Amino acid sequence: MDEEAAIWKSDTDSMASAVIGRAIGTLLTSRPRKLDEAISRLDSPSKRGSIVSLEDLLWFLHRYIKEAAEKEEPLDEILVPMIEHSLKCKDSKHGNQAMVLLNWLFQDEPLFEALSRSLADIIIRKEDRYIALGWCTLVRGLVDYEIAMDQFSNNGIRENYNAMLKILCSCISRLLFIVCNGSTLQDGFELPTRLSVAAADCILDLTKALTRKLSVSDASSRRQKSFNSDASNLPTTMVHAATSGKKVKPSSKSAEFSNKLEMELLLWDHIDKLIILVQRLLAWSRKSRPLHAKGLEQVLKWLQEIKDHYGCSQDEAGTKFAKAGVLLLSSCWKHYSMLLHLEGRKFSQQYKDLMDQYLSAIQFYADSKSKEHNKNADTGIATKKFFLNCLSLLLGRLDGKQIERTVSENGMQISRALVPQLCCTDEDVIDGVVCIFKTVIFKKKCSSSGSSLADNRQMDSVLPLLLPLLDERDGTAKAVVMLIAEYCSISPDGQCLEEVLKRLASGNALQRRNAVDVISEIIHLSSNSVTVLSHSMWQDVSKHLLECLGDDEEMISVQASNLLPKIDPSLVLPALVHLVYSSNKRVQSSASDAMTALLKNHNQNCEVLCMLLDCLSNLSSLDLPKTSGDIKGGSKLDPERVLRLIPEWSRSVQDWNLLIGPLIDKMFAESSNATLVRFLSSISKHLAEAADTVFHRVLLHTKGQKELDESFYIKWESKTYTGDDHLKLQHSLFDRLCPLLIIRLLPMRVFDDLNSSVIYGQLVDQDVVHGCGSININDHECVASLLLNRALFKIEFEDVRKLASELCGRIHPQVLLPVISAHLELAADSLDILKIKACLFSVCTSLVARGRDSLSQPAMLKIQKTIKTILLWPSMDGDEVSKAQHGCIDCLALMICTELQAPKSFNISDKTSIIRKNFHPGHSVMGDSVVTYVIQQLSLDAVEAASTSTLCSDNCASEPSAPLSVRLCMANVLISACQKITDSGKKAFAKRILPYLIHFVQVIKDPEIRVACIQVLFSAVYHLKSIALPYSSELLKLSLKSLEGNSEKEKMAGVKLMASLMASEDAVVENISAGLLEARSVLLSISMADPSLEDIRYVTHQ
């Protein structure tokens, strides 16, 4: 039996659900007017027919809800269809069926309680987004019932309005959860979803309803009238419920106040939720509604302030202080909640009236004659802030067309109301006014290309109201600066900018400072748009800022210096270059700072860099404006002053590869431009970072060069060219020099990488001797081949050959010296003096640059043998052979200098002992040492050395001595070494050379060699200075002995040696003091000697 009852009950419930579903569906699809008429006929006697009438369905619905309420069952089967229907018919004119039904059902107190609580429970229980969206739509309709229900007779919603609000306000937390979790990110901004918008608007409607003032007496009278007129139409149960279950409140002011205060206190209880809601609305408005967002910021700030100010007394709600906070929130939120709606239903019809109200209120509280304002300035400011916030929220909701129409119709009214507010002392007021002006007033001109001339004149009339406010330095001026900058940025005729520039040139320092601030704001605006000002306007701005560099006010000068780098470089860079040479120190310093900042701002823009180089290359022809800091006429402008600024700029460059290529190309295009070379030299360290890029550009350029025409080359060497030929030859010379000049700018370390294909190609891996032909760049396509080709090729400009030979010294010695040794030998065989000199110059440069690394190469042996061969050639002073031999002498001298600067592991004492060992003429220099070799060549022949020199061992070889000319060359090698030796090698040089030469001079028989050796000693004393101290006494004796000789040259050499000792440092003079008397007597005897020795006598007197 129990199972049968359960089955019967289940079937009954299913049937009831199906019936109620069909019933509610039929009622919701009925016309609202017919549904209202059916409700009015419920108590009238009617004949029942075979067709179910609306009245029958209403009776069934009422009974079903009543039974469910008594059983405390949920009413989802009634409310969910109403919710879905509300959403479906949201924008329909005939979609109020759910409202008609609820308005009728709410007249019964038990049904109202059950329906309203079930409605609140649905949004909390159900996660369905569609149901939540419809729920918000239905609830907004209930809250704003007057909009939809003013044409219907029942008053159920109105009679239970406050009770309904209390129940629905319990859902605010759930709605706020939907709001906080209903955002999507787009371009870094938060945007709301459709559901979150509906939830936010629903919260706003609920909280706005809490601020309503509902008259109790009016409500009671309306309710009584309704009962008297409609009682006969209501079912008996509903009449009873309406008359006996609900007592009418007395029409009294105390009851009305108590009812209103209760709602306001409920609003205050939700202040934390209001703050969160406004935060979300603010996040949603930032992207598309900047002015509305500004108003929201102020509303949020105000909510937080009143919470902190009045919240501490919330527990004492009866106190006057707490009531003031509650009342303040209610009064202001009534307006704010209306303006914060995302989907306002009546906004388009209301905004004009609301704007008039807010503007009138702002003007009223701005009136200085207002007594209330004078009595309480703080209250007046707070009230002005409130109405400004409302105006910002209102205008911030307008779209483009609405803004244009508003400004066209009410622009002057807005301007007259807002401009005086700029003088307010409150920053929030000023910021609000500025934001309104920027978004609304000036937005009109920026967006309305087809606006009328009258509208433009209306906007232009604002300027005279704003300009006088720039005469002081205060908060007002700061605000006006932003407004006028905005104005200038959208003014096509430049009138506003012209007024600003007049003030920039005025004698009033405050006006000038404000004008500079305006320019600064204009430049800031231009960073986001390229069309803020026309080109001619920027020219005017640049001209005036350049003049400000010399302003007496340092702040103006500094600000101008900071602003100029932000302007188009083509407008300011040439003038800045000129002003760097100003005689006015302040102008010069400011221009230098501005130029450095400008270059840093454009540190990846090669066009700006090329513009600077063009300016430096044409300093004398710059077309520049006159300024207070002009340079004096006739002054020579040296580019070095500007180039000194380059290192600081260069540190800001991130990617040199972007700049190097265009700079190298410019160098090739202007190969005779010395300024370019100096500039590249100043960034050589950074060129090294992009060395591969540099080398690739150089090789690419040289591949396109033609070989030098032999006939042209002959004309150049013989100087038989014509005027036209001269220009062509000069161009060719610079064109061939240019790649080498660029390579010379790079540090030597870039040549250290033997694996670099762009530098060495295949040279490292191949035998370098290729007959007598030159090394062809087209074969190797590397930098080393290019340098060697230019240095060794027969038909080449001398300047190019010299520079290429110098640069060859940077090539790694492992690559260079085998090539040079081979070509030097071939050149010696063919008596090719030009190639000999080029090879020797490359070796010398390599020794200086690479030091021991070059000297230790095996190819040095071959080079030394070739040098000895060249030194054996007969020559005459001044001929080409003698010039080649001088190169040999310098090469050997540098070998000596390099050897004596050997690393610590190379024991100098071991080298010195070599002198006391067997000399083997013709042995390799590197087998022993270069010093040994040179001294050996200078010594006597083997037989004489064996019989006279105590330094030669018994095993001394008997080989022919070197020719006299070679021996004299060796003396010159030592003299050259004295001149070239560095301080670190002087001590070792003295130990190696001086003891031997002092002894050798005393035993040598050949007078020319003896004179040559004395000349070496003289040179050593002169260049080594105090290093010769240990040998000074013996040197003095030697000089005295030389004065006794028969040869005039020997006497002259002795006099010079003695004079050098006496003119040396104090320590040397003190060391030889014992022999000075003897030296004096000898010198006197010489000065009184034969008059024919005039030169010696002259030197003696000196």
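Conventions adopted
Residues numbered from 1 in each chain as written. Predicted model: local features only at pLDDT ≥ 70, side-chain atom pairs only at ≥ 80, totals over all residues. Heavy atoms only, no water. Helix = DSSP H or I, 4+ residues; strand = E, 2+ residues; numbered from the N terminus. Buried < 20%, exposed > 50% of the residue type's maximum accessible area, 1.4 Å probe, protein only. Contact = heavy atoms within 4.5 Å. Areas by Shrake-Rupley, 256 points an atom, 1.4 Å probe, with all protein chains shown as cover. Salt bridge = Lys/Arg side-chain N within 4 Å of Asp/Glu carboxyl O. Phe/Tyr/Trp six-rings, centres within 6.5 Å; stacked < 30°, edge-to-face > 60°. Lys NZ or Arg CZ within 6 Å of the ring centre and 35° of its normal. pLDDT = per-residue confidence, 0-100. Core = buried A, V, L, I, M, F, W, Y, C linked by side-chain atoms within 4.5 Å. Expected span 1.5 Å × (residues − 1). Arc of directions from axis to C-beta. Pairing = 2+ DSSP bridges. Axes fitted to C-alpha atoms, helices over the stretch in contact; angles between N-to-C directions. Parallel < 35°, antiparallel > 145°, perpendicular 65-115°, else oblique. Left-handed = near helix turned anticlockwise from the far one by under 90°. Nonpolar A, V, L, I, M, F, W, Y, C, P; charged D, E, K, R; others polar.

> Would you take a moment to explain the overall build of the chain for this structure?
Helix and strand content of the chain: 61 helices and two strands. By the burial criterion, 52% of the 1102 residues in the chain qualify as buried. Sequence separation of 24 or more characterises 75% of the internal contacts of the chain that already satisfy a separation of 6 or more. Summing over all exposed atoms, the chain offers an accessible surface of approximately 51,300 Å²; the carbon and sulfur share of this is 51%.

> Explain the pattern of salt bridges here, please?
Between side chains of opposite charge, pairing is possible as soon as their charged atoms come close. This model, assessed by the stated rule, comprises 40 salt bridges. Connected through salt bridges with shared partners, the residues Asp76, Asp121, Arg125 and Lys126 form a single ionic network.

> In this structure, what is going on with the packing of aromatic side chains? I would like to understand it.
The geometry of an aromatic ring pair comes down to the distance between the two centres and the angle between the two planes. Under the definition given, this model contains ten aromatic pairs. Ring geometry for tyrosine 996 versus phenylalanine 1000: centroids 5.5 Å apart, planes at 15°, classification stacked. Of this pair, tyrosine 996 and phenylalanine 1000 both sit in helix 55 (residues 983-1003), separated by four residues, roughly a single helical turn. Aromatic rings pair up to connect Trp302, Tyr336, Tyr358, Phe386 and Phe387 into one cluster. Here the basic side chain of lysine 1025 rests over the ring of tyrosine 1022, its NZ or CZ set 5.5 Å away from the ring centre.

> In this structure, what is going on with the confidence of the model for the chain? I would like to understand it.
Caution is warranted with low-pLDDT regions, since their predicted coordinates should not be read in detail. Looking at the chain as a whole, its pLDDT mean stands at 79, while 78% of the residues score no less than 70. Counting interchain partners and residues more than four positions distant, the pLDDT-below-50 stretch residues 215-251 has 55 contacts. Considering only residues more than four positions removed or in separate chains, one finds that residues 368-374, a stretch of pLDDT under 50, has six contacts.

> In this structure, what is going on with the nonpolar core? I would like to understand it.
A general tendency of soluble globular proteins is for nonpolar side chains to be buried together. Of all hydrophobic cores here, the largest spans 351 residues; its most connected members are Trp135, Leu303 and Trp333. Ranked by residues supplied to this core, first place goes to helix 50 (residues 880-899) with eleven residues. Once residues within four sequence positions are removed from consideration, tryptophan 135 is found in contact with Ile83, Leu119, Ala120, Ile122, Ile123, Leu168, Cys171, Leu175 and Cys202.

> Where do I start with helix 3 (residues 54-70) in this structure?
Within an α-helix, residues lying three or four positions from one another point in the same direction, as the helix has 3.6 residues per turn. Counted at 1.5 Å a residue, the expected span for helix 3 with its 17 residues is 24 Å, and the 24 Å between its end C-alpha atoms agrees. By the burial criterion, the buried members of helix 3 are Leu54, Glu55, Leu57, Leu58, Leu61, His62, Ile65 and Ala68. All buried residues of helix 3 fall inside an arc of 160° around its axis, so they share one side. Glutamate 72 lies just past helix 3 and shows a positive phi near 60°.

> So what exactly am I meant to see when it comes to the pairing of strand 1 (residues 183-186) here?
Each regular strand shows side chains that alternate between the opposite faces of the sheet. For strand 1 and strand 2 (residues 189-192), the ladder comprises four bridges, and the chain directions are antiparallel. Following the sheet pairing, serine 183 is matched in strand 2 by proline 192. Where strand 1 folds back on strand 2, the antiparallel hairpin that results is connected by two residues, among which aspartate 187 adopts a positive phi of roughly 55°.

> Would you mind showing me how to read the packing of helix 50 against helix 54 (residues 964-980) here?
In the contact formed by helix 50 and helix 54, the axes pass within 8 Å of each other and the chain directions differ by 55°. Here helix 54 runs oblique to helix 50, going by the angle between their axes. Judged by the sense of rotation from one axis to the other, the crossing of helix 50 with helix 54 is right-handed. Residues Ile889, Asp890, Leu892, Ala893, Leu894, Ile896 and Cys897 of helix 50 pack against Cys969, Met970, Asn972, Val973, Leu974, Ser976, Ala977 and Lys980 of helix 54.

> Is there a simple way to think about the packing of helix 33 (residues 606-617) against helix 36 (residues 657-669) in this case?
Packed helix pairs are characterised by how far apart their axes lie and by the angle those axes make with each other. The contact between helix 33 and helix 36 brings their axes to 9 Å, and the two run at 35°. For helix 33 against helix 36, the interelement crossing comes out right-handed. Here Cys606, Leu609, Cys610, Leu613 and Asp614 of helix 33 lie close against helix 36, whose contacting residues are Leu658, Leu659, Pro662, Leu663 and Lys666. Residues of the contact of helix 33 with helix 36, tallied by class, amount to eight nonpolar, no polar and two charged.

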